[in-house]
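Below are the chains, spelled out letter by letter.
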Amino acid sequence: MANFVEQFMTWLLSFDKEALILGASAIGAGLAMIAGIGPGVGQGYAAGKAAESTGAHPENQKTSLMTMLVGAGVAETTGILSLVVALILMFGNPMVNQEGNAIAIAGSAIGVGLAMVAGVGAGIGCGYAAGKAAEATGFAPENQRGIMMCMLLGSAVAQTTGIFSLVIALIFMFANPIAAASVGGTPELAVVLGLSAMGAGACMIAGLGSGVGVGYAGGKAAEAVGINPESTSKSIMLMLVGSAMAQTSAIFSLVVTLILMYANPFIGVDANFLILGCSGLAAGIAMIGGLGPGIGQGYAAGKAVEGTSFNLNASNKVMVVMILGQAIAQTSSIFSLVVALILMYANPLVGVDSSFIILAASALGAGFAMIAGVGPGIGQGFAAGKASEATGMRPKLQGAVIRTMVLGQAVAQTTGIYGLVIALVLLFANPLIGLL
Amino acid sequence: MEAITGKALILACSAVGAGLAMIAGIGPGIGQGFAAGKGAEAVGKQPEAQGDIIKTMLLGAAVDETTGIYGLVVALILLFANPLVGML
C-alpha cells in the first residue's frame, strides 16, 4: 500500500490544475483577510483615546477628532491592501493562468495569504500612533503640526513591512518565480517548491512585529512633542534610529523569503522531496520568531523618546542604553536566522539514512521551536525601554540601570536558548532516528 | 518511496510535538523581560536599594521560568525518553 504522502499527492494530482489553484486561492484570500485584526485593534485604540481626550478637553474636540481620523485613515492601509489582494484572487485570479505545476502554484497562492498577515502589525502600530496623537492634540492643540508630523512619520515607517508583504504577494500573483521553476519538473519538485512558497509567505509574518513596534515609537514621539515641543528634533531622531533597529528582523525575513523564491537552495538536491520541502517551510516558520524583537525594539525606541523628552541633555546617554538594549533584544531573531540558514544551506537531515517522515517532521519541529524567540524579543525590548526611560530621568545612574537591564535580559533569554537547543538537537543529534 | 511504519509515524509526530512544546517559551521571555524593565526602572529611582531590587527581580524571574522549563522537559521526554513508542 502506498504511504499517505504518496496517496495525498496522487489525490491532489487527480484534480484539474485549475481546481487545485482556485481552491488554494480561496484559502489564500481568507488568510490575507486576517490582517484586518490590526486596523481593528489600532483604530479602536485611537477612537478610545480621542474620546478620552474629548472628555478631558471638550474645547479641543475638533482638533483631536481630526488628528484621530487622519491617523485612523493611515492605519486602515494594510486592511485595504489585504482586501485588494483577496479581491484579485477571487475576481481576477492571475494564478490559474500561470505556467508550471499546479502544486507549486497552489502553494504560492497560500503563500500570498500568509504574507499579507503581516499587515496586522502596521494596523495596530499606526492606530496606537493615531491615538497618542489625538490625545496630545487634545491637551496641546497649539503643537498640532509637530504632533501630526511625528504621527505620520512613525506611521510611514510602520507601514514598510506591510508594503514588503504586498510586494511579495504581487510577485507571487503576477511574476511567480516558484511557478517558473516548476515548469517541466517532476511532481516531487513541485511539492518542494510549493512548501517553500508557503514557507516564504509564513516568513513575512515576522514583519508584524516591526509594524507594532515602530508605530508605538511614532505614538510616543507624538506625545513627547505635545508635552515638550522643544524636544521635536531629538524625539524624531531617536524615533527614527530606534525604528531602524526595529526593522532589522523584518529585513532578515525578507532576505530569507527572497532566497526561498528566487534562489531556492533545494532545487536539484538529491534527497527525499518531503524532507526538502518541509525544510523550506520550516525555514520560514523559524523566522516568525523575529516578530518578538520587532515589537520589543520598537517599545524601547518609544520609551527612549519619552526619556529624552524629560531631559533633553541626557539624549546621548539614553540613546546608548536604547541601542545596547535593542541589540540584546535582537538575539532571538539572529538565532532564527541561523536555524533558517542551516535548514537551507547546510541541512544535516538530507544525508541521514532513516525514515523520511521522521526527518521531514524533525525539520518542521526545529522551525516551530524557534517561534519561542518571540517572547525574549518582546521582553528584552521592554527592559531596554524601561532602562532608557530611567536613564532619561536620572542620567547619572546610567551604569547601574544598564547593569540591571542586562542581567534581567540575560535571564529573559533562557527560554529562547531552550528553543534553539531543541532545534539543534532535532537537526544535528536527533535521538528519534535511533529509536526506529 | 518506502512505506511508513507505525513507529516511524509516532517518532515523526514526536519531532513536531517537541518543536511545538517550545513555543511555551514566549511567556517567560515576555514576563522576565517585564521584570527586568521594572527592575531597571526601580534602580533608576532608588539606586541604594539595587541589591534588594535585583534579588526580588531574580526570584520572580525564577518562578516565571517554570512553564518554559515544563515545555523543555516535555520536549526532552519526547526526544530522549519517548514513552509513546513503548506503548505500541
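Residues numbered from 1 in each chain as written. Chains lettered and ligands numbered in written order. Predicted model: local features only at pLDDT ≥ 70, side-chain atom pairs only at ≥ 80, totals over all residues. Heavy atoms only, no water.

1. Focus on the interface of chain B and chain A
Argument step 1. With 50 residues of chain B in contact, the opposing surface of chain A contributes 54 residues.
Argument step 2. Here chain B meets chain A over a buried area of about 4,100 Å², counting both sides, of which 78% is carbon and sulfur.
Argument step 3. If you look at where chain B meets chain A, you find one salt bridge.
Argument step 4. Across the salt bridge formed by Lys386(A) and Glu41(B), the nearest N and O atoms sit 3.2 Å from each other.
Argument step 5. Seen at the junction of chain B and chain A, the total is nine residue pairs in polar contact (both at pLDDT 80 or more).
Argument step 6. Among the elements that line the side of chain B that touches chain A, the one with the most residues is helix 2 (residues 26–45) of chain B, at 16 residues. (Contact = heavy atoms within 4.5 Å. Buried area = accessible area lost by both parts, 1.4 Å probe. Salt bridge = Lys/Arg side-chain N within 4 Å of Asp/Glu carboxyl O. Polar contact = N/O pair within 3.5 Å; in protein donor to acceptor, adjacent residues only side chain to side chain. Helix = DSSP H or I, 4+ residues; strand = E, 2+ residues; numbered from the N terminus.)

2. Notes on the layout of surface pockets
Residues and elements named next belong to chain A.
Argument step 1. Taken as a whole, the largest pocket holds about 470 Å³ of empty space.
Argument step 2. Lining the largest pocket we find 21 residues, and of these Phe-8, Leu-12, Ile-103, Val-191 and Leu-195 sit closest to its centre.
Argument step 3. Listing elements by their share of the lining of the largest pocket, those giving two or more residues are helix 1 (4–13), helix 2 (17–32), helix 5 (102–116), helix 9 (187–204) and helix 12 (273–287). (1 Å grid on protein atoms, 1.4 Å probe; cavity = no way out; pocket = protein on both sides within 12 Å on 5 of 7 lines; lining within 4 Å. Points joined across faces, edges and corners; volume = space filled by probe spheres on them.)

3. Here we look at the packing of helix 11 (residues 232–262) of chain A against helix 14 (residues 315–329) of chain A
Residues and elements named next belong to chain A.
Argument step 1. The geometry of helix 11 relative to helix 14 is characterised by a closest axis approach of 10 Å and an angle of 15 degrees between their N-to-C directions. By the angle between their directions, the pair helix 11 and helix 14 is classed as roughly parallel. In the crossing of helix 11 with helix 14, the sense of the turn from one axis to the other is right-handed. Contacts between helix 11 and helix 14 involve Lys-234, Met-237, Leu-238, Val-241, Gly-242 and Met-245 from the first element and Ser-315, Met-319, Met-322, Ile-323, Gln-326 and Ala-327 from the second. (Axes fitted to C-alpha atoms, helices over the stretch in contact; angles between N-to-C directions. Parallel < 35°, antiparallel > 145°, perpendicular 65-115°, else oblique. Left-handed = near helix turned anticlockwise from the far one by under 90°.)

4. Looking at the packing of aromatic side chains
Argument step 1. Inspection of every chain in the model, using the stated rule, returns seven aromatic pairs over all chains.
Argument step 2. Relative to Tyr299(A), the ring of Tyr216(A) lies with its centre 5.0 Å away and its plane at 25 degrees, an arrangement referred to as stacked. Of this pair, Tyr216(A) sits in helix 10 (residues 207–227) while Tyr299(A) sits in helix 13 (residues 291–310); the two residues are 83 residues apart in sequence, bridging distant segments of the chain. Note on accessibility: Tyr216(A) and Tyr299(A) belong to one class, buried.
Argument step 3. For the ring pair Tyr299(A) and Phe382(A), a centre distance of 4.9 Å and an interplane angle of 20 degrees mean the geometry is stacked. In this pair, Tyr299(A) sits in helix 13 while Phe382(A) sits in helix 17 (residues 374–393), placing the two residues 83 residues apart along the sequence.
Argument step 4. Feature note: the residues Tyr45(A), Tyr128(A), Tyr216(A), Tyr299(A), Phe382(A) and Phe34(B) constitute an aromatic cluster, connected by ring pairs. (Phe/Tyr/Trp six-rings, centres within 6.5 Å; stacked < 30°, edge-to-face > 60°. Buried < 20%, exposed > 50% of the residue type's maximum accessible area, 1.4 Å probe, protein only.)

Keep in mind that these numbers describe shape and distance, not what the molecule does.
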